[in-house]
Amino acid sequence: VSNTGNKENTMSLDPTSKPLQETTHCGCASSCSAAVPAAADIPAAPDLAQSDGVPVFLITTMDCPTEENDIRRALASIEGIHSLRFQLSARTVSIDATTEALDAALAAIRKAGFDPKPVSAGQVAKENVGASELWRGILALGLAVGAEALDFFAPDTLLFKGFGMALAVAAIWLSGISTYSKGLAALRRGQLNMNALMGVAVTGAFLIGQWPEAAMVMALYAIAELIEARSVDRARNAIKGLLDLTPQTAEVRQADGAWLEVPAAAVKLESCVRVKPGARIPLDGQVTAGTSAVNQAPVTGESIPIDKAAGDPVFAGTINETGILEFRVTAAAADTTLARIIHAVEQAQGTQAPTQRFVDRFAAIYTPTVFALAVAVAALTPWLLDWTWTQSLYKALVLLVIACPCALVLATPVTVVSGLAAAARRGILIKGGVYLEEARKLRVIALDKTGTITEGKPRLVATEILPSTVPESQVLAWAASLARHSDHPVSKAIATGLNLPENGLSDFVALPGRGIEARADGQLLILGNHRLIEERALCSAEIEARLQAHETQGRTVTMLASEQQVLAIFAVADTIKESSREAVADLHRLGVVSVMLTGDNVATAASIAKEAGIDDARGNLLPEDKLAAIEDLQRRYGPTAMTGDGINDAPALARADIGVAMGAAGTDTAMEAADVVIMNDDLRRIPETIRLSRRTHAVLWQNIGLAIGIKSIFLVLAIFGNATMWMAVFADMGASLLVVGNGVRILRWTGDKDYR
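Predicted model only: the values in this text are computed from it and were never measured.

Quick word on the overall build of the protein
Logical step 1: Looking only at helices and strands, one finds 25 helices and 28 strands in the protein.
Logical step 2: Taking all 756 residues of the protein together, 54% fall into the buried category.
Logical step 3: In the protein, once contacts between residues fewer than 6 apart in sequence are set aside, the share between residues at least 24 apart is 71%.
Logical step 4: As presented, the protein carries roughly 30,700 Å² of accessible surface, and 57% of it is formed by carbon and sulfur atoms.

In structure tokens:
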């Protein structure tokens, strides 16, 4: 199902690489994404490339769309490259190319200031910022402090000055060699990113005699970058931590009946796997033997363990708590529900939310403007304000350091990534930042009935024994016996609800569309619907009144009768989930209208809606009718979400502003169709999603305000006050660290706070 109309960036659980995009105006070694049209039209490789023999390379300094953009530009002119696939969260790039083109591509990447390292397809590194880089930064800071001390305390002689300059050069080389190499590559392409700005500023400061400050600025910048990158890694890797919950081995039954522990990745489909109490389940499967309670929190977000027995599904990464389970493997290790959730979240991290696009447009204007201001300060203030050329140049260099909008562009992606990860931990799979941010605008939630509001399984909800000479126990025993001989869902519900042993039956006859007939204890009995009772001339005004009372409540009525009279009435209904009532009440507290759209009759729809507290109910709807209803709700109320199973409701899911699939753990079609997937049957996750969206939006604008406010203050200080390059570093990297830290706070979200 492909969404149309107002949808964008729709994703499936097996998506191709994100659309090509270029970024400019920022060169931070962290997660920022100021997007502009792509420079090179190299097609994106499919996700399976990494397992199909396409070479994969780890680039430890590539974790920002700016670096991705630099590499794409470097490879734009090379013939023979079939496709590129970037995975910024893993810092890898897959290059599908001819042998000659691959060699040329690696050389071009190194020339652009990066160091690609080959890794095997099955061992794609998830490398984060390492301790060696941090110690390198600390050593550079120590050398910079030494240069500062010599400049301040040592005699002003050529020997001490030369030694101090040597310490400064060493500090700049240790902490800034990567910044210089990438900055020079950017300047050759005519780009103004952070690496270029820092390189120019530090070099200029050194040349005008401010070598101790130049060294200190570069060292502080490098350390701040490392701290910032580690903070960003925390947000990016939050959901990946779930992968560590999946065992690396599985206990598999062999042909001779023995159990052997083998790598989970080597287990074939349909194999029989055993899981002991307290162990984690290694693969997706269906229980074949045993009963146990299973903690499914990693997949569905449910805090209460779920009882599992033969026929029930189990998911990789969940915890078997009480008994031994045996299950049939239904998905390979790379295709488990948990692995697909993580993959979908990683793909969602590549999409841009509306606020992020606004920030990108702002940053595209902001950086050139401040750069032009710096040039004006250097060229004009000696004439206008009677500053020395050294003072003017120094202030211009300070402005260059402040100019990079790192904090501004970091304000959105880190916050969005944290929100996506927090939602996934709660069993809410949001397929893009656009849906995370737009959920706060929802004014109406349209709900399918069966399986969404109700359990989706008919249950016996009422039993009436009519006056007769037959004992009540005998009537119930006959009804249970007849019901057990039918495969109809209503009969099964009656048999399950009565839960009585079966009596012997004879002369059993199925009456299609009406019920069943059989003999028990010498009596001819029928168990059937209203039509069958009327055909046997057993209906009466009293029975009609009783039936009417049940039908107005949305119940399906079945009657047990002898040849002379109706003996009992059984009412079966698809019962409402308790969580549905709470969810609807929660939606009302959030100011969201609830509407039920169902194919059931109007009376049933009205009854279920009233019981659940739903504002409006529309029945007798075909798929095209639900689509029309969504369009009507959008005209009347505004942004509308459709909640359904992702299959029968596909047109409505596609047309809605946000499509939500319910109870989709392990259901590929539902995951494909929807923009948000609730990994269990709990409707309460929908108001939680709206709350998370409101909180994310609030944090986004807090970050934007922080970034712009701090930059503005230091820009004024740099021009009219006494701001130094040290202050400029704190203005830039300090603001970046603040917005990253503020955005990462969302990882602690538990669904219990309301942001309007």
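The discussion continues.
Focus: the side chain of Thr-336
Logical step 1: Relative to the assigned elements, Thr-336 resides in the loop between β15 (325-329) and α8 (337-348).
Logical step 2: On the basis of relative accessible area, Thr-336 is assigned to the buried category, the value being 4%.
Logical step 3: Once you skip the residues sitting within four places of it in the chain, Thr-336 turns out to touch Leu-283, Asp-284, Ala-316 and Ala-331.

Things to note about the confidence of the model for the protein
Logical step 1: Model confidence for the protein is summarised by a mean pLDDT of 78, while 79% of its residues fall at 70 or above.
Logical step 2: The model gives residues 1-52 a pLDDT under 50, and that stretch makes 186 contacts with residues more than four places away or in other chains.
Logical step 3: Contacts from residues 121-128, a stretch scored under 50 in pLDDT, to residues over four places away or in other chains number 19 contacts.

A look at the pairing of strand β8 (residues 259-263)
Logical step 1: Relative to β8, strand β7 (residues 249-253) runs antiparallel, the two sharing 5 bridges. Bridge pairing links Thr-249 to Pro-263 in β8.
Logical step 2: Between β7 and β8, which pair antiparallel in sequence order, lie 5 residues; one of them, Gly-257, sits at a positive phi of approximately 95°.

Some points on the pattern of salt bridges
Logical step 1: Counting across every chain of the model gives 24 salt bridges.
Logical step 2: With a shortest N-O distance of 2.5 Å, Glu-251 and Arg-274 are connected by a salt bridge. Pair noted here: Glu-251 is in strand β7 and Arg-274 is in strand β9 (residues 272-275), with a separation of 23 residues, a long-range link.
Logical step 3: Glu-517 serves as the salt-bridge partner of Arg-536, at 2.9 Å between the closest nitrogen and oxygen. Taken together, the residues Arg-536 in the loop between α17 (530-535) and α18 (541-551) and Glu-517 in strand β20 (residues 515-520) connect sequence positions 19 residues apart.
Logical step 4: Accessibility expressed as a relative area gives 33% for Arg-536, which makes it partly exposed.
Logical step 5: The network of salt bridges with common partners includes Arg-426, Glu-582, Asp-682, Arg-684, Arg-685 and Glu-688.

Some remarks on the nonpolar core
Logical step 1: Ranked by size, the top nonpolar core spans 46 residues in total, and within it Met-198, Val-202, Val-398, Leu-399, Val-401 and Met-725 carry the most contacts.
Logical step 2: At the level of secondary structure, the elements contributing two or more residues to this core comprise α3 (131-153), α4 (158-188), α5 (194-207), α6 (211-237), α9 (354-384), α10 (389-403), α24 (685-720) and α25 (725-744).
Logical step 3: At 9 residues, α6 tops the list of elements feeding residues into this core.
Logical step 4: If we skip the residues at most four places from it in the chain, Leu-399 touches Val-370, Leu-373, Ala-374, Val-377, Leu-715, Ala-718 and Ile-719.
Logical step 5: Listed in part, the 39 residues of the second largest apolar core include Ile-430, Val-434, Leu-447 and Val-584.

Concerning the packing of aromatic side chains
Logical step 1: All chains considered together, the criterion is met by 1 aromatic pair.
Logical step 2: Taken together, a centroid distance of 6.1 Å and an interplanar angle of 85° make the contact between Trp-383 and Trp-389 edge-to-face. Both residues of the pair, Trp-383 and Trp-389, count as exposed.
Logical step 3: Positioned above the aromatic ring of Trp-387 is the side chain of Lys-395, whose terminal nitrogen or guanidinium carbon lies 5.1 Å from the ring centre.

Here we look at the sheet that holds strand β14 (residues 319-320)
Logical step 1: Spatially, the 3 strands line up as an open sheet ordered β12-β11-β14, and their pairing is antiparallel. Only two strands of the sheet have a single partner each, and these edge strands are β12 (306-308) and β14.
Logical step 2: Note that strand β11 (residues 292-295) and β12 share 3 bridges and pair antiparallel. Residue pairing across strands places Val-294 opposite Ile-306, the latter belonging to β12.

Regarding a nonpolar patch on the surface
Logical step 1: A cluster of nonpolar side chains, namely Leu-380, Trp-383, Leu-384, Leu-385 and Trp-389, defines an oily patch on the protein surface of about 640 Å² accessible area.
Logical step 2: When residues in the nonpolar patch are grouped by element, the largest group, 3 residues, is from α9.
Logical step 3: By secondary structure assignment, the location of Leu-384 is in helix α9.

What to know about the packing of helix α15 (residues 472-484) against helix α16 (residues 489-498)
Logical step 1: Running from N to C, α15 and α16 point in directions that differ by 135°, and their axes come no closer than 8 Å. Regarding the angle of α15 to α16, the classification is oblique. In this structure, α15 meets α16 at a crossing whose hand is left-handed. Residues Leu-476, Ala-479, Ala-480, Ala-483 and Arg-484 of α15 pack against Ser-491, Ile-494, Ala-495 and Leu-498 of α16.
Logical step 2: A per-class count over the contact of α15 with α16 returns 7 nonpolar, 1 polar and 1 charged.

Some thoughts on unusual backbone geometry
Logical step 1: Phi is positive for Asp-521, which is not a glycine, with a value near 55°.
Logical step 2: You can see Asp-521 is positioned in the loop between β20 and β21 (523-528).
Logical step 3: Even without a glycine there, the phi angle at Ala-537 is positive, about 55°.
Logical step 4: Looking at the element boundaries, Ala-537 is found in the loop between α17 and α18.
Logical step 5: Using a relative accessible area of 65% as the deciding quantity, one classes Ala-537 as exposed.

Here we look at helix α2 (residues 99-111)
Logical step 1: Between its first and last C-alpha atoms α2 spans 19 Å; for 13 residues at 1.5 Å apiece the expected length is 18 Å, and the two agree.
Logical step 2: Of all the residues in α2, the buried ones are Ala-101, Leu-102, Ala-105, Leu-106, Ala-108 and Ile-109. An end-on view of α2 places all buried positions within 160° of arc, on one side of the element. For α2, the exposed residues lying more than 90 degrees away from the buried face are Thr-99, Glu-100, Asp-103 and Lys-111.
Logical step 3: Just downstream of α2 lies Gly-113, where phi reads positive at about 100°.

Cut-offs and rules
- Residues numbered from 1 in each chain as written.
- Predicted model: local features only at pLDDT ≥ 70, side-chain atom pairs only at ≥ 80, totals over all residues.
- Heavy atoms only, no water.
- Helix = DSSP H or I, 4+ residues; strand = E, 2+ residues; numbered from the N terminus.
- Buried < 20%, exposed > 50% of the residue type's maximum accessible area, 1.4 Å probe, protein only.
- Contact = heavy atoms within 4.5 Å.
- Areas by Shrake-Rupley, 256 points an atom, 1.4 Å probe, with all protein chains shown as cover.
- pLDDT = per-residue confidence, 0-100.
- Pairing = 2+ DSSP bridges.
- Salt bridge = Lys/Arg side-chain N within 4 Å of Asp/Glu carboxyl O.
- Core = buried A, V, L, I, M, F, W, Y, C linked by side-chain atoms within 4.5 Å.
- Phe/Tyr/Trp six-rings, centres within 6.5 Å; stacked < 30°, edge-to-face > 60°.
- Lys NZ or Arg CZ within 6 Å of the ring centre and 35° of its normal.
- Patch = residues over 30% accessible without salt bridge, like charges linked within 9 Å, V, L, I, M, F, W, Y side chains within 5 Å.
- Axes fitted to C-alpha atoms, helices over the stretch in contact; angles between N-to-C directions.
- Parallel < 35°, antiparallel > 145°, perpendicular 65-115°, else oblique.
- Left-handed = near helix turned anticlockwise from the far one by under 90°.
- Nonpolar A, V, L, I, M, F, W, Y, C, P; charged D, E, K, R; others polar.
- Expected span 1.5 Å × (residues − 1).
- Arc of directions from axis to C-beta.

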